[in-house]
Amino acid sequence: MANTDNASRHVVIFDTTLRDGEQSPGASMNLAEKMEIAQSLVDLGVDVIEAGFPIASPGDFEAVRSIARNIRGSVICGLARCRTADIDRAGEALKDAQRGRIHVFLATSPIHREFKLKMSKEEIIRQAVAGVKQARTYCDDVEYSPEDATRTELDFLCQVVEATIDAGASTINIPDTVGYATPSHMAEVIRTLRERVSNIDRAVLSIHCHNDLGMAVANSLAAVEAGAGQVECTINGLGERAGNCSLEEVVMALRTRNDYYQAETRINTRRLVPVSRLVSNITGIQVQRNKAIVGQNAFAHEAGIHQDGMLKERTTYEIMRPEDVGFSMSDLVLGKHSGRAALADRAKALGYTVTGEQLDTVFEQFKILADKKKAIYDADIAALVEQQIHAVAEQWAVDSYQVTCGTGQIPEVTLRLRRGDEKQEVHLSCGDGPIDAIFLAIEQATGVEVTCRDFSVHSVTVGKDAQGEVLVQVDHNGQLYRGRAVSTDSVEASAKAFLNAINRIVSLSNK
Ligand SMILES: [Zn+2]
């Protein structure tokens, strides 16, 4: 039996794309990108946005502070270890939030106690309680996570939870930090806490699952069924290793099987696909085609026998409608005569918020593109807006380049870059082809050395005049960085994408 209450209960959706999701290799985002995602999460109807880990770096602090200051409509949360400096920093970052939450964590499992923390059970309880109390001096909304909860002795877990609720935590999150739990195990943990912790009704029980065994969504649903009232998840299941519980899957499971779970979320499901695309475009991490809910093939029926059934009655083979998750029924085409409002409208439908100066620039570029190609598709618009969001202040830009090459000839390249008033010109004769030569010239001009790990070109839309999108991934001191650019000329797109990655290195290492 799923739920003994008659009324549907509300499940809080806590999104951690900007914190846990960002830990995915190569997914680090700049401030403008984080702001864009935060706004789209508000539009999606997410209850809590975990915006970052303020003490981790000045960049993380700045991101949490800006989101807390400027984003309205969701609770903004900052992560902290149970340490004075961490909590002070989180409190400071969240100062201007309309509604802020401090999320403190301290590991409780024997393996963490013994090897990482070198602390006894009593010391763990004392420090967790002190952390919650300190966080409460900054805000009323405090969440506590016993890290590695699923590998913690249940008796001890109950003790820690009871003590931290007494100290003032209003949300208790149970993280399956290493993706070790199974659905029935997870349900057992939640049930035990509800039965044995005397003050449990003073807090919301939350669940935070990792996908190492491919069970993050199943484990989260099992926890909800057992009484959890909050799910921590990320868009596209983004996260380190195999990722986190995927927001779109858990939300659509609760909605589609409301008959069973009798639990509801505040999510506007029609925004799921736009937000999924936004996160994928910003992080450069593609969504697999057969990914549930938001994958390109999630609603494609190929088998003839299914198609026949679908034409007679859609529900024969369809448990959800594509439009319910935000797949648009037609790819709307804009052209030369489309106005600013139409462009802004289309961008909004695609998950972007473009206004003011940004809209002016995008509209200018839209007009230039519309002169080059007749039909402007959704993907073209996404690419134009992306380039605006990705723009990093004081970055290197291509002034001009010239490459000559041919069969049996070493390419020659002349490249001029500019950054503010600074100019760099290099002339090189090297490389295995025009693109390789340009990459080498960019490295020399900027003085940033990298190893190219991945390079791909594909067309954004259809037709001979389609824009080419170039994605590059480079390695700099063991860290992965990505670059992306779009142009109707693929050599130019390659140069810009490579430079985009270099700019990202420069701006992220400046922090
Ligand atoms: Zn996590």
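Residues numbered from 1 in each chain as written. Predicted model: local features only at pLDDT ≥ 70, side-chain atom pairs only at ≥ 80, totals over all residues. Heavy atoms only, no water.

A. Representation of the packing of aromatic side chains. For the structure shown, the criterion picks out 6 aromatic pairs. Taking 5.7 Å as the distance between ring centres and 70° as the angle between the ring planes, the aromatic pair formed by Phe299 and Phe327 counts as edge-to-face. Highlighted residues: Phe299 in the loop between α11 (272-283) and α12 (304-312) and Phe327 in the loop between α12 and α13 (340-349), separated in sequence by 28 residues. Their ring planes at 20° and their centres at 6.0 Å tell us that Phe363 and Phe366 sit as a pair that is stacked. Taken together, the residues span about one helical turn, with Phe363 and Phe366 both in helix α14 (residues 356-372) at a distance of 3 residues. Across the pair, exposure class does not vary: Phe363 and Phe366 are buried alike. (Phe/Tyr/Trp six-rings, centres within 6.5 Å; stacked < 30°, edge-to-face > 60°. Helix = DSSP H or I, 4+ residues; strand = E, 2+ residues; numbered from the N terminus. Buried < 20%, exposed > 50% of the residue type's maximum accessible area, 1.4 Å probe, protein only.)

B. Broad picture of helix α8 (residues 216-225). Counting buried positions over the 10 residues of α8 gives 8, a clear majority of the element. Just downstream of α8, Gly227 is the residue with a positive phi angle, here 120°.

C. Structural view of the pairing of strand β8 (residues 204-209). Summarising burial for β8: 5 of the 6 residues are buried, a large majority. Crossover handedness for the path strand β7 (residues 171-176) to helix α7 (residues 183-196) to β8: right-handed. Of the strand pairs in this sheet, β8 and strand β9 (residues 230-233) are connected by 3 bridges, and their pairing is parallel. Bridge assignment links Ser206 to a residue of β9, and that residue is Gln230. A crossover links β8 with its parallel partner β9, the connecting element being α8, and its sense is right-handed. (Right-handed = clockwise from strand over helix to strand, strands pointing away. Pairing = 2+ DSSP bridges.)

D. Broad picture of the sheet that holds strand β4 (residues 75-81). The strand order β2-β3-β4-β5-β6-β7-β8-β9 describes a closed barrel built from 8 strands, whose pairing is parallel. The sheet shows a mean angle of 25° between the axes of neighbouring strands, taken without regard to direction. Summarising the sheet, strand β2 (residues 12-15) and β9 pair through 4 bridges and their orientation is parallel. Residue pairing in the sheet places Phe14 in a bridge with Glu232 of β9. On the sheet, helix α3 (residues 84-93) packs against β4 and β5 (100-107) and is oriented at approximately 165° with respect to β4. Lying on the sheet, α7 is in contact with β7 and β8; it crosses β8 at an angle near 160°. (Axes fitted to C-alpha atoms, helices over the stretch in contact; angles between N-to-C directions. Contact = heavy atoms within 4.5 Å.)

E. The arrangement of empty space enclosed by the protein in detail. A full pass over the atoms with the stated rule returns 1 cavity of 30 Å³ or more. Reported here for the largest cavity is a volume of approximately 40 Å³. Lining the largest cavity are 11 residues, and of these Asn281, Ile282, Gly284, Arg482 and Arg484 sit closest to its centre. Elements with a contribution of two residues or more to the lining of the largest cavity: α11, β16 (479-487) and α17 (490-510). The residue makeup of the lining of the largest cavity, split by class, is 2 nonpolar, 6 polar and 3 charged. (1 Å grid on protein atoms, 1.4 Å probe; cavity = no way out; pocket = protein on both sides within 12 Å on 5 of 7 lines; lining within 4 Å. Points joined across faces, edges and corners; volume = space filled by probe spheres on them. Nonpolar A, V, L, I, M, F, W, Y, C, P; charged D, E, K, R; others polar.)

By themselves, these are just geometric observations and shouldn't be taken as functional.
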